[in-house]
Amino acid sequence: MRSIQDQIDDDYRKLDKLRDRRSEIFNKLEEFRSSVATHKALRDEKNRIIAEKKAQRDQLHKQKAEVSDKIKELLEKKKFILSNIDYDQNDLLTQLKEISWKYQTTSLSIGEDRKAVERISDLERKLVVFKKTKDVDQEISRLRAQFNDLKDKANATHSEIIALADESKTHHEALLKTFGERDAVVAELEQIRTNMASLMEGIAKSKDELFVTDAHFRVARNTAMQQKADVLNKQAELLFNKKSALAEKASEKLKNGGRMTFEEFAAMVETKGIPT
């Protein structure tokens, strides 16, 4: 019985340790739950911003492509304009300067005057073409500045996307790590539950065994006590019979005037009282 009780006490101590560890695991799982929720929220937020940034970047690339197409169109336009010109702008300007100076500073006949005006008009008409190409160049320069600005914005947005992706990856990896640690702890929790069930089953069996053993012990103890009582009763009966026999012997000696032994006298006194 003592051995069984010691086993029960030892199993209860093991059960208490498992319960303490189970409580620690429950707290750890709560920490995991909080960590998972935090990293998941941060990862999802980064991914949401990444999606927005990608849309912005794509829009910038689209605008950049549109500007690039306009620049190509203007370059083709300039090329077309210049393809029909077989004279030099500087040469025209020099001629215009010379004839204008001559026209303003020299007395010309009516015929010469008319020819000078016609020449000046012709030169100015030809120079208009170069003014058009200049306007085209200015528009090209403006568009190129716009293109570069869009390019810089697109590159900056792309850099932001890369940085956000790294942050998202960090949170995702933290999630995977937490899931792995959680799985290991859950596996330990399942093992603890199995061990606790086994211990509780063992304790129940030990208690049943203790109950049966205690019943056997009580029966054995009662049997032993009864056997002891029977022996004592038998011994008392034998002693009484012996004393009764001695008392009878003493009575006979008394009637016959015989001499009794002390043992006979004591037996007669104990069983029949002092003779008168």
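It should be emphasised that the depicted structure is a prediction, and the values quoted were computed from it without experimental measurement.

Analysis parameters
- Residues numbered from 1 in each chain as written.
- Predicted model: local features only at pLDDT ≥ 70, side-chain atom pairs only at ≥ 80, totals over all residues.
- Heavy atoms only, no water.
- Helix = DSSP H or I, 4+ residues; strand = E, 2+ residues; numbered from the N terminus.
- Buried < 20%, exposed > 50% of the residue type's maximum accessible area, 1.4 Å probe, protein only.
- Contact = heavy atoms within 4.5 Å.
- Areas by Shrake-Rupley, 256 points an atom, 1.4 Å probe, with all protein chains shown as cover.
- Salt bridge = Lys/Arg side-chain N within 4 Å of Asp/Glu carboxyl O.
- pLDDT = per-residue confidence, 0-100.
- Core = buried A, V, L, I, M, F, W, Y, C linked by side-chain atoms within 4.5 Å.
- Polar contact = N/O pair within 3.5 Å; in protein donor to acceptor, adjacent residues only side chain to side chain.

Draft legend 1. Broad picture of the overall build of the protein. Along its length, the protein carries four helices and zero strands. From first element to last, N terminus to C terminus, the protein shows the α and β order α-α-α-α. Out of the 276 residues belonging to the protein, those deemed buried represent 22%. Looking at the protein alone, contacts between residues at least 24 apart form 83% of all its contacts between residues at least 6 apart. Approximately 19,900 Å² of the protein is accessible, and the part contributed by carbon and sulfur atoms is 54%.

Draft legend 2. Fine view of the pattern of salt bridges. By the definition in use, this model includes 19 salt bridges. Between D10 and K14 there is a salt bridge, with the nearest N and O atoms lying 3.5 Å from each other. Residue D10 and its partner K14 are both found in helix α1 (residues 2-83); the two are separated by four residues, about one turn of the helix. The residue K46 makes a salt bridge to E167 at a minimum N-O spacing of 2.7 Å. In this pair, K46 is assigned in helix α1 and E167 in helix α3 (residues 110-255), connecting sequence segments 121 residues apart. Taken together, the salt bridges that share partners define one network made up of D10, R13 and K14.

Draft legend 3. Broad picture of the confidence of the model for the protein. Per-residue confidence for the protein gives a mean pLDDT of 85, with 86% of residues at or over 70. Element-level pLDDT for the protein is lowest in helix α2 (residues 89-105), with a mean of 69, against a maximum mean of 92 in α1.

Draft legend 4. Quick look at the nonpolar core. Counting 13 residues, the largest nonpolar core has I8, L15, L18, I25, I192 and M196 as its most contacted members. Elements supplying a minimum of two residues to this core: α1 and α3. Ignoring any residue separated from it by four or fewer positions in sequence, one finds M196 in contact with L15, L18, R19 and R22.

Draft legend 5. Local environment of the side chain of R43. Relative to the helices and strands, R43 resides in helix α1. Among the polar contacts listed, one links the side chain of R43 to the side chain of H172, at a separation of 3.0 Å. Look past the residues within four positions of R43 in its chain and what remains in contact with it is S168, H171, H172 and L175.

Draft legend 6. Examining the environment of E264 more closely. With respect to the element layout, E264 can be found in helix α4 (residues 262-272). Among the residues examined, E264 registers a relative accessible area of 4% and is labelled buried. On a C-alpha basis, the gap between E264 and A245 in space is 8.8 Å, while along the polypeptide they are 19 residues apart. If we ignore the near neighbours within four places in the chain, the residues touching E264 are L246, K249, A250 and K253.

Draft legend 7. Highlighting the side chain of H171. Mapped onto the elements of the fold, H171 is located in helix α3. Its relative accessible area of 15% is what places H171 among the buried residues. Leave out the neighbours within four places in its chain, and H171 touches H39, L42, R43 and K46.

Draft legend 8. Structural context of the environment of A204. Tracing the backbone shows A204 in helix α3. Between the alpha carbons of A204 and I8 there is a distance of 8.9 Å; along the sequence they are 196 residues apart.

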